[in-house]
Amino acid sequence: MRDKIFKKLLVGCCILVLLVCAGMIYSLVSGSLSAFNQYGFFHFIGSSEWDPHPDRETYGALSFIVGTLLTSFLALIFCIPFSLPVALFTGSYFRGKKIATFISSIIDLLAGIPSIVYGLWGFYTFRPIIIDLGLNSQGFGILTSSIILAIMIIPYASSLSGEFISMVPNELKEAAYSLGGTRLDVIRTVTLPNAGSGIFASYILALGRALGETMAVTMLIGNTNNLPRSLVDTGNTMASIIANQFGEADGLKLSSLIAIGLLLFGITAVINLIAKFIMKKFN
Amino acid sequence: MSSLRYRTIKDKIFFYCVCGLSSLTVIPLFAIIWELIRKGYKQINWSFFTETAPSTLDAMLARGTGDIIPGGIANGILGTLLMVAIASVIAIPVGIMVGIHLSEHPKTKFSNATRFITDLIQGSPSIVIGIIAYAWVVKPLGGYSAFAGSVSLAIMMIPLIVRSTEETLKMLPGSLKEAGLALGSSYTNVILRVLLPSAFGGLFTGILLAVSRVMGETAPLMLTALGSTAINWNVMEPTSAVPLLIWEFYNDPNLIDMIWSSSLFLLILVLSLNLIAKHIAKKWKIQ
Amino acid sequence: MEQEHIQISNPILQLKDVSISYSPGKNAVKNVSADIARNKITAIMGPSGCGKSTLLRAINRMHELYPDIKIMGEILLDGKNILKMNPMEVRRMAGMVFQRPNPFPTMSIFDNVVAGYKLNGISLGKSEKEEIVERCLTNVGLWNEVKDSLFKKGTFLSGGQQQRLCIARALALKPDVLLMDEPTSALDPIATNRIEELLLDLKNEFSIVIVTHNMSQAARISDYSMFMYLGELVEYDTTQTMFTNPKDKRTNEYLSGQFG
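This report concerns the structure included in the present document. (Residues numbered from 1 in each chain as written. Chains lettered and ligands numbered in written order. Predicted model: local features only at pLDDT ≥ 70, side-chain atom pairs only at ≥ 80, totals over all residues.)

### Re the overall build of chain C
A count of helical and extended segments in chain C gives eleven helices and ten strands. Relative to its length of 260 residues, chain C is compact, with a C-alpha radius of gyration of 18 Å against a globular reference of 18 Å. Summarising its shape, the C-alpha atoms of chain C cover approximately 55 × 40 × 35 Å along the three principal directions. Evaluated residue by residue, chain C yields a buried proportion of 48% over its 260 residues. In chain C, 69% of the contacts between residues at least 6 apart in sequence involve partners at least 24 apart. (Helix = DSSP H or I, 4+ residues; strand = E, 2+ residues; numbered from the N terminus. Rg over C-alpha atoms; globule rule 2.2 N^0.38 Å. Buried ≥ 20, exposed ≤ 12 C-beta atoms within 10 Å, placed from the backbone. Contact = placed C-beta atoms within 7 Å.)

Laid out in structure tokens, this is it:
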């Protein structure tokens, strides 16, 4: 009797989680409906106009979609030259050694730093460098935020890909060494190709992280609602426009912001699913 | 032979590049900690923990005379603790129950669907979760509240706890459950009295990591708890949190000095939870 | 303890007082000295843990992948001390075949055969590659079986075919000596038989050292046999002599199946 209730409780909690997710999707969709009805789904996505002036209110998500994709992909590109060496360091060169554990636990801590602290650090320490370099007179923009984002996603990219690299069987590496390869040759021809799809999946997961990052980007991107014209231009991401304008929004604007939230949810979900799918095939 | 020497040199250069870039990667952590300590230690004193956030005017006066800004972040600390506590009360039982179900029935369609959905929620951006909690709690109840903030944090914590519970329970030997059942105790008792206690270290680690993860969250709280200048125990009222205070200080030129001490406090809190969790995980795995 | 082993004229490999330790003071191989004959098959036998694999792997300098392993003495390959040479060069000259077939799973059969060249940074023309692949696969008797599926992954082959592919991969670099570490222990009897026939063919072109825990295999294919026990080289003679008239009591006990 008790067992039956207990088992029902377990299933009930699972159903609760499923309901939470269904409810999330329902709330996002129903909240965005009035924006989509007003402008049309594709027009909303394709328009870069964001004008909250009461008489000629129009909202479009294109600038923010572009801003999000630009910052995230740029962050991914910036993070590779650091996360790949870290992955090779911990998963290949010093696999199982104390120094590898040390480095990877330090880098894991990077993932624990709150987004807002990264934002502050970027604002006060990193932004002046951008100004000194003359890249942007205020130091804000796509480039500034992607560099900070890159630091934020390094731990996600490096720890997982390091694990995939360390999973490459020893016997394959021995075979490669026995044919006369140097460590670099073995990494290039055996280790990386064998861990390849796993490494790829880790980077996609890291990209998913970057897409949804809010605070640090909000503090660094410059918060302008136009389509960014260059990498040093200011802009807004989907997350940062919501963070900036949600509080004072109502009516169509609120609905448009929720619609942007729905789009962001959809994009990250797809990215994460792709990564999970690749990893499943890999294992 | 010359090509062999060339390859050996190339191999060495690559190795040193890997080492060099790896050590560069640890710099940001220390740079951030150093910056926060350097700029923030002055502000940390007794009143930092006991008083509420100062008003712009007080801060301006203090700056004028070159004094330390009066006041503290007590309202933020209490708000954070309150919201994380309520979120934990919601998320821990649900997360552990779901984790138990997934490890007990790893391959059913229902479990796969649950796992898939858990991943989906875990991957959602925190700002989107903020919108959800706004739509579910703030709008129906007609106002921002600590409870709304807790709901958003709980949604973020559940997937983390589900995952760690499932992973931990999977690591326990199957014989443990069989031994319990063989002794004639009921299924419920075996799970609650045998499996969960044996998995305690792993579960605790997962919970601590989840707490440290949501403690630093700002974005969802901006849409739900809003912030408040006073200490507030009523969960149905707007409430502050440490990250929200940092955001307020950041936006107020007179209060700039306060951001460093509050950030330092938040960072120490989050990172030490993180380290404690990992320490327990290490010890627990050895047993 | 010191005893005279068989004398080999014009040896391909000379082991001089070789000792190998995994941790200080504990030698897995103790003062082994032996000359190994050209274009012959030399088998190293002994119970598990006797150091036979460790010794074989040292000739390829595989031990260097594990920094705890220390080696003393000299190993001469064609008169040159390989422990003083660049390890990459040594490994090209001494081909190695492992216990379990390990073709590279990301490469096709074709690319597996020429993997040694790729790993050594040598770029070959298409026709050169094709020539090498055909010659080596023919050498190991695999050409007719796989010539239509050269660009499929090597991992789809049977265990015995995979192992022959690995031998072809080692042969492609034209090594002076072919080192084999229990190459048939993971294979069924039919596949084992094919590899043994192959080795008898290959000794016309290559010098082969094979570690085996299978006495009858040593008796079937080898010209010379070593017997190792607890890290020592107990006896080294022609296979004929060793199996018919072992000099050492321990060899006799091993060959009559009393241990190992």
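### Details of the sheet that holds strand 4 (residues 70-77) of chain C
All names here are of chain C. Strand order in the open sheet made by the four strands is 2-1-4-5, with antiparallel pairing throughout. Strand pairing shows two members of the sheet lacking a second neighbour, strand 2 (26-36) and strand 5 (80-81), which therefore form its edges. Looking at chain direction, strand 4 and strand 5 are connected through two bridges and run antiparallel. Of the residues in strand 5, the one forming a bridge with leucine 76 is asparagine 81. Together, strand 1 (13-23), strand 2 and strand 4 form the strand contacts of helix 1 (residues 52-59), whose direction differs from that of strand 1 by roughly 115°. (Pairing = 2+ DSSP bridges. Axes fitted to C-alpha atoms, helices over the stretch in contact; angles between N-to-C directions.)

### What to know about the interface of chain B and chain A
In this assembly, 64 residues from chain B lie in contact with 62 residues from chain A. Top element by residues in the side of chain B that touches chain A is helix 1 (residues 2-25) of chain B. It accounts for 13 residues. Tallied by class, the residues present in the side of chain B that touches chain A amount to 42 nonpolar, 16 polar and six charged. (Nonpolar A, V, L, I, M, F, W, Y, C, P; charged D, E, K, R; others polar.)

### Section: the nonpolar core
Counting 258 residues, the largest nonpolar core has Ile153(A) and Met157(B) as its most contacted members. By residue number, the principal contributor to this core is helix 6 (residues 142-166) of chain A, which donates 15 residues. Looking at this core, you find at least three residues from each of domain 1 (2-56) and domain 2 (63-282) of chain A. Among all residues touching Met157(B), those that are not within four sequence positions of it are Ala87(B), Ala91(B), Gly95(B), Ala210(B) and Val214(B). (Core = buried A, V, L, I, M, F, W, Y, C linked by C-beta atoms within 7 Å. Domains from an automatic or database assignment.)

### Digging into the packing of helix 1 (residues 2-39) of chain A against helix 5 (residues 74-104) of chain B
Where helix 1 of chain A meets helix 5 of chain B, the closest approach of the two axes is 8 Å, and the angle between their N-to-C directions is 110°. Here helix 1 of chain A lies roughly perpendicular to helix 5 of chain B, going by the angle between them. For helix 1 of chain A against helix 5 of chain B, the interelement crossing comes out left-handed. Where helix 1 of chain A approaches helix 5 of chain B, its residues Leu9(A), Leu10(A), Val11(A), Cys13(A), Cys14(A), Leu16(A) and Val17(A) are matched on the opposing element by Val94(B), Met97(B), Val98(B), Ile100(B) and His101(B). (Parallel < 35°, antiparallel > 145°, perpendicular 65-115°, else oblique. Left-handed = near helix turned anticlockwise from the far one by under 90°.)

### Quick look at the interface of chain A and chain C
Opposite the 16 residues of chain A that make contact, chain C presents 20 residues. For the side of chain A that touches chain C, the secondary-structure elements that each account for two or more residues are helix 7 (170-178) and helix 8 (183-212) of chain A. At seven residues, the largest contribution of residues to the side of chain A that touches chain C is made by helix 7 of chain A. When its residues are assigned to classes, the side of chain A that touches chain C shows seven nonpolar, six polar and three charged.

### Description of the packing of helix 3 (residues 62-93) of chain A against helix 6 of chain A
All names here are of chain A. One way to put it is that helix 3 packs onto helix 6 with a least axis distance of 5 Å and a crossing angle of 40°. Regarding the angle of helix 3 to helix 6, the classification is oblique. Considering how the two elements wind past one another, helix 3 and helix 6 form a crossing that is right-handed. When the residues that make up the contact of helix 3 with helix 6 are grouped by side-chain class, the tally is 17 nonpolar, twelve polar and one charged.

### Quick word on unusual backbone geometry
All names here are of chain C. If you check the backbone angles, aspartate 17 has positive phi at about 55° while not being a glycine. When you line up the elements, aspartate 17 lands in strand 1. Note on aspartate 17: 11 C-beta atoms within 10 Å, which makes it exposed. Not every positive phi belongs to a glycine, and glutamate 182 is a case in point at roughly 45°. For glutamate 182, a count of 21 C-beta atoms within 10 Å corresponds to the buried category.

### Here's the deal with the sheet that holds strand 9 (residues 224-229) of chain C
Residue and element names in this part refer to chain C. On the basis of which strands lie adjacent, the open sheet formed by six strands has the order 6-7-8-3-9-10 and mixed pairing. Two strands in the sheet have a free side with no partner beyond their single neighbour: strand 6 (94-97) and strand 10 (232-238). On average, adjacent strands in this sheet sit at an angle of 15° to one another, irrespective of strand direction. For strand 6 and strand 7 (residues 177-181), the ladder comprises four bridges, and the chain directions are parallel. Each bridged residue has a counterpart across the sheet, and for glycine 95 the counterpart in strand 7 is leucine 178.

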